[in-house]
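Topology and contacts: notes
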Amino acid sequence: MDASQVAQSPDISDVVKRFFRYVQVDSPSNPDREETTPSNEEELAMAALLGKELEELGAKDVKVDGHGYVTAKLDGSPEAAQAPRLGLIAHIDSTSDAPAHGVKPQIVAYEGGDLVIGEVDGRRVRVTTGSVPDLAQMAGQPIVTSDGTTLLSADDKAGVAEIMALLARYQKDLRLPHPPLAVAFVPDEEIGHGAALLDLEDFGAAYAYTVDGEQLGEINYECFSAADALVTVEGVMVHPGAAKDRMVNAISLWRDLDSMLPAAERPEHTEGREGYFHCHSIEGTPAQVKAHYLIRDFDAAGFERRLKLLQDAAAMINEREGKARVQVAVKPQYRNMAEHFKGSEFLIDAALMANRQQGVEPRCVPVRGGTDGAQLTFRGLLCPNIATGGYLAHSVREFIPVRSLEVTVDILQSLCALLAERPAAS
């Protein structure tokens, strides 16, 4: 079933129709313009669409700013009008890690075996049960995919659609129990900006949840501590025919530094709560090399150990060379937010209970990456994450079951009903 058929079908749920509509709006963030917000002006079209739809849903104080931030508020149900305001947040940008323009969503009637998404250049794009074991339990379910030429953008337009579908339910029946709500859709999460410019005082939430991530039932309140490190190596370039005792090859020096970092602690060899060193880009010549490293660890002491090991490797090479040829510039990105939830475990408990009420067995999973919630938590707005139900984000094989989209809206409704019972702040 293609996008036009979905739009016209009376049997397709609101959240699925919204999801199809949103993924067809191109809005990838641009990692080469991370100093500008939004990094890609296409994100503004997505923001404008959501602002218009929020007004149509009767939301209050709807704002769409020049940076691509969309915010709005909704009154609580009559019995919960004085409950603390709950924030719900998702991001409007897609990653640029896979083709992200011209997404053509479709619903595949999956009957088991390989999930065939499409055919590109004569080769089938497929997902196997070996790569996604959960797929074996989805036989007989309709699944949303792209046509295989692009990602799907369930990360995070599924979250956007699920929040909007929840608001649509409240528009139809304001008596459904829910606390006052604040909603934010933010740009550039995929390049580490996310909610950095969200005005928390104006947003007015006592606490919040991001709706992002992947498999149904996952709850995240623990993430990496993270830093970006730029390693700059200065060499001396002379003609290689006269290089003896004169050339200092920056590429060779960088290779020496990289070899001092544990090979077993690279992303391709780590999982769970294991941290890593990741050289994600390098450019240069024998005269100069610039290499970017991502440093990640869940443990604060382990994180500091990694930063020190990189600095020590540079210092060792500089001492050997008798000159400061290697410089390391560390840029902190975010820290593990888990420690901030001590005393506020009710946010995790409510998310667990909301999943169970909808027949989903939840699990708390550490995020091997960053979230808007981590950034917001450190700014003072406690913000765990609830999954959207998608799989294989950042890939042309990305997919999301229709059931996951629909059940996540139910989970959000249960969560809101639970938090509607919280007493008003004194």
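An unreviewed UniProt entry annotates the protein as Peptidase T originating from Leptogranulimonas caecicola. A UniProt comment under Catalytic activity (unreviewed entry) is attached to the protein, and it reads "Release of the N-terminal residue from a tripeptide."

A separate point is the pattern of salt bridges. Taken as a whole, this structure holds 22 salt bridges when the rule is applied. Notably, a salt bridge pairs glutamate 265 with arginine 306, separated by 2.7 Å at the nearest N-O pair. With a gap of 41 residues between them, glutamate 265 in the loop between α6 (250-259) and β12 (276-284) and arginine 306 in helix α7 (residues 300-321) connect regions that are remote in the sequence. In this structure glutamate 265 comes out as partly exposed when scored by relative accessible area, which is 21%. For arginine 306, a relative accessible area of 4% corresponds to the buried category. A single salt-bridge network, built from bridges that share partners, covers Asp14, Arg18, Arg21 and Glu53.

Moving on, we come to the pairing of strand β5 (residues 115-120). Where β5 meets strand β6 (residues 123-127), five bridges bridge the pair, whose relative direction is antiparallel. For glutamate 119, the partnering residue across the bridge sits in β6 and is arginine 124.

Among the residues making up α6, those that are buried are Ala250, Leu253, Trp254, Leu257 and Asp258. Buried residues of α6 fall within an arc of 135 degrees about the axis and therefore sit on the same side. Facing away from the buried side of α6, by more than 90 degrees, are the exposed residues Arg255 and Ser259. Packed against the buried residues of α6 are β11 (225-234), β12, β13 (288-297), α7 and β14 (326-334).

Glancing now at the sheet that holds strand β4 (residues 106-109). Strand order in the open sheet formed by three strands is β4-β7-β17, with antiparallel pairing between adjacent strands. What marks the edges here is a single partner per strand, and that holds for β4 and β17 (399-401). Mean inter-strand twist for the sheet, computed between neighbouring axes without regard to direction, equals 30 degrees. Relative to strand β7 (residues 142-145), β4 runs antiparallel, the two sharing four bridges.

Bringing the UniProt feature "active site" (unreviewed entry) in the protein into the picture now. Cross-referencing UniProt, the feature "active site" (unreviewed entry) maps to Asp93 and Glu189 in the present numbering. A maximum C-alpha distance of 6.8 Å places the annotated residues, which cover 97 residues in sequence, within one compact spot. Checked against the element boundaries, aspartate 93 lands in the loop between β3 (86-91) and β4. Assessed through its relative accessible area of 0%, aspartate 93 is described here as buried. Aside from chain neighbours lying at most four places away, what touches aspartate 93 is Ser27, Ser29, Glu43, Asp155, Asp156, Val186, Pro187, Asp188, Glu189 and Glu190. A distance of 3.3 Å separates a polar side-chain atom of aspartate 93 from the backbone nitrogen of aspartate 188. Here glutamate 189 shows up in the loop between β8 (181-186) and α5 (200-203). Since its relative accessible area comes to 11%, glutamate 189 is described here as buried.

This part covers empty space enclosed by the protein. Tallied over the full model, the rule gives one cavity of 30 Å³ or more. Volume-wise, the largest cavity comes out at about 30 Å³. In this structure, the largest cavity is lined by Ala154, Asp155, Gly213, Glu214, Thr388, Gly390, Tyr391, Ala393 and Glu398. For the lining of the largest cavity, the class distribution of residues is three nonpolar, three polar and three charged.

Another aspect to go through is the environment of alanine 420. Inspection of the secondary structure puts alanine 420 in the segment after α10 (402-419). Filtering out sequence-adjacent residues up to four positions away, alanine 420 remains in contact with Ala80, Ala83, Pro177, His178 and Pro179.

Rules used in this analysis
- Residues numbered from 1 in each chain as written.
- Predicted model: local features only at pLDDT ≥ 70, side-chain atom pairs only at ≥ 80, totals over all residues.
- Heavy atoms only, no water.
- UniProt positions renumbered as here; feature names shortened; annotations may be inferred.
- Salt bridge = Lys/Arg side-chain N within 4 Å of Asp/Glu carboxyl O.
- Helix = DSSP H or I, 4+ residues; strand = E, 2+ residues; numbered from the N terminus.
- Buried < 20%, exposed > 50% of the residue type's maximum accessible area, 1.4 Å probe, protein only.
- Pairing = 2+ DSSP bridges.
- Arc of directions from axis to C-beta.
- Contact = heavy atoms within 4.5 Å.
- Axes fitted to C-alpha atoms, helices over the stretch in contact; angles between N-to-C directions.
- Polar contact = N/O pair within 3.5 Å; in protein donor to acceptor, adjacent residues only side chain to side chain.
- 1 Å grid on protein atoms, 1.4 Å probe; cavity = no way out; pocket = protein on both sides within 12 Å on 5 of 7 lines; lining within 4 Å.
- Points joined across faces, edges and corners; volume = space filled by probe spheres on them.
- Nonpolar A, V, L, I, M, F, W, Y, C, P; charged D, E, K, R; others polar.

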